[in-house]
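Examination of the molecular architecture
Here are the chains, one letter per residue:
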Amino acid sequence: MFKHLHMTIAVISIALFTLRFIWLLLGSENLNKKWVKIAPHIIDTLLLLLGVVMAVKLAINPFEQLWLAEKIMGIIAYIFTGYYTLKLARNNMFRVIGYLGALGWFLLVVRIAMTKQTVFF
Ligand code: HEM
């Protein structure tokens, strides 16, 4: 049950990030709505919390199971490139580059989650 919730929230997270990215490119007022500012924090916190709860329940230690360590590093990179895309990027060209970078990290995280194999380590 935890796993399905975790996966559903992961899909909502990338969908909401994509929506905010598109709204940013279009200069949409929707970005100023209160729920748009609050929801991503709640969703991403839930996603991380559920992941940690599962890792503890299944006794998966990232220092022993390198796939989890690599997954966590991929998530940190996803969060940073996502922040860059929505907040730091100077213009739409950099925003598109940032978005593609964040998407790449997200896909790497999903791949690691599904195969439980490291890609870089
Ligand atoms: C962007 C963030 C994340 C994404 C996209 C993501 C994605 C996924 C997916 C798709 C699965 C299901 C894999 C399967 O089919 O078995 C999964 C399972 C899991 N995830 Fe995540 N996850 C994220 C964050 C985290 C975090 C932060 C942790 C823990 C620190 C974590 C720990 C786990 C664990 C322990 C499982 C279950 C593995 C098992 O069944 O043995 N995840 N994740």
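Residues numbered from 1 in each chain as written. Predicted model: local features only at pLDDT ≥ 70, side-chain atom pairs only at ≥ 80, totals over all residues. Heavy atoms only, no water.

What follows concerns the packing of helix 1 (residues 2–26) against helix 2 (residues 34–57). Contact geometry for helix 1 and helix 2: axes closest at 9 Å, N-to-C directions at 150°. One finds that helix 1 runs roughly antiparallel with respect to helix 2. Regarding helix 1 and helix 2, the two cross each other, and that crossing is left-handed. Taken together, the residues of the contact of helix 1 with helix 2 break down into 17 nonpolar, 3 polar and 4 charged. (Axes fitted to C-alpha atoms, helices over the stretch in contact; angles between N-to-C directions. Helix = DSSP H or I, 4+ residues; strand = E, 2+ residues; numbered from the N terminus. Parallel < 35°, antiparallel > 145°, perpendicular 65-115°, else oblique. Left-handed = near helix turned anticlockwise from the far one by under 90°. Nonpolar A, V, L, I, M, F, W, Y, C, P; charged D, E, K, R; others polar.)

Attention shifts here to helix 1. Taking 1.5 Å of rise per residue, 25 residues should cover 36 Å, and helix 1 covers 36 Å from first to last C-alpha, within 8% of that figure. Of the residues making up helix 1, those classed as buried are His6, Ile9, Ala10, Ser13, Ile14, Leu16, Phe17, Arg20, Phe21 and Trp23. Trailing helix 1 by a residue or two, Gly27 shows a phi angle of about 65°, which is positive. (Expected span 1.5 Å × (residues − 1). Buried < 20%, exposed > 50% of the residue type's maximum accessible area, 1.4 Å probe, protein only.)

Time to look at a nonpolar patch on the surface. A surface patch of nonpolar side chains, amounting to about 610 Å² of accessible area, comprises Leu66, Met73, Trp105, Val119, Phe120 and Phe121. Mapped onto the secondary structure, Trp105 falls in helix 4 (residues 92–115). Owing to a relative accessible area of 32%, Trp105 belongs among the partly exposed residues under this scheme. (Patch = residues over 30% accessible without salt bridge, like charges linked within 9 Å, V, L, I, M, F, W, Y side chains within 5 Å. Areas by Shrake-Rupley, 256 points an atom, 1.4 Å probe, with all protein chains shown as cover. Salt bridge = Lys/Arg side-chain N within 4 Å of Asp/Glu carboxyl O.)

Taken together, the protein donors to the iron atom of the ligand comprise His6 (NE2) and Lys71 (NZ), at separations of 1.8 to 2.0 Å. For the iron atom of the ligand, the 6 donor atoms in the first shell make angles of 83 to 178° at the metal, a pattern classed as octahedral. Pair noted here: His6 is in helix 1 and Lys71 is in helix 3 (residues 66–88), with a separation of 65 residues, a long-range link. The exposure class assigned to Lys71 is buried, which follows from its relative accessible area of 13%. (Donors = N, O, S within 2.8 Å, 3.2 Å for Na, K, Ca; no water. Tetrahedral: all angles 85-135°; square planar, octahedral: opposite > 155°, others 65-115°.)

Another point: the site of the ligand. The full set close to the ligand counts 22 residues, and Lys3, His6, Lys71, Ile75 and Lys116 are the nearest of them. Here Lys116 contributes a side-chain N or O atom positioned 3.3 Å from an oxygen atom of the ligand. The cavity where the ligand resides is the largest pocket. Of all the secondary-structure elements, those providing two or more residues to the shell around the ligand are helix 1, helix 2, helix 3 and helix 4. Of the residues in the shell around the ligand, the class split is 17 nonpolar, 2 polar and 3 charged. (Near = heavy atom within 4 Å. Polar contact = N/O pair within 3.5 Å; in protein donor to acceptor, adjacent residues only side chain to side chain. 1 Å grid on protein atoms, 1.4 Å probe; cavity = no way out; pocket = protein on both sides within 12 Å on 5 of 7 lines; lining within 4 Å. Sits in = over half its atoms within 2 Å of the grid points.)

For the rest of this paragraph, the subject is helix 2. With 24 residues, helix 2 should reach 34 Å at 1.5 Å per residue; the first-to-last C-alpha distance of 35 Å fits that figure. Taken as a whole, helix 2 has its buried residues at Val36, Ala39, Pro40, Ile43, Leu47, Leu50, Met54 and Ala55. Packing partners of the buried residues in helix 2 comprise helix 1 and helix 3. Remark: Ala59 follows helix 2 within two positions and exhibits a positive phi of approximately 55°. (Contact = heavy atoms within 4.5 Å.)

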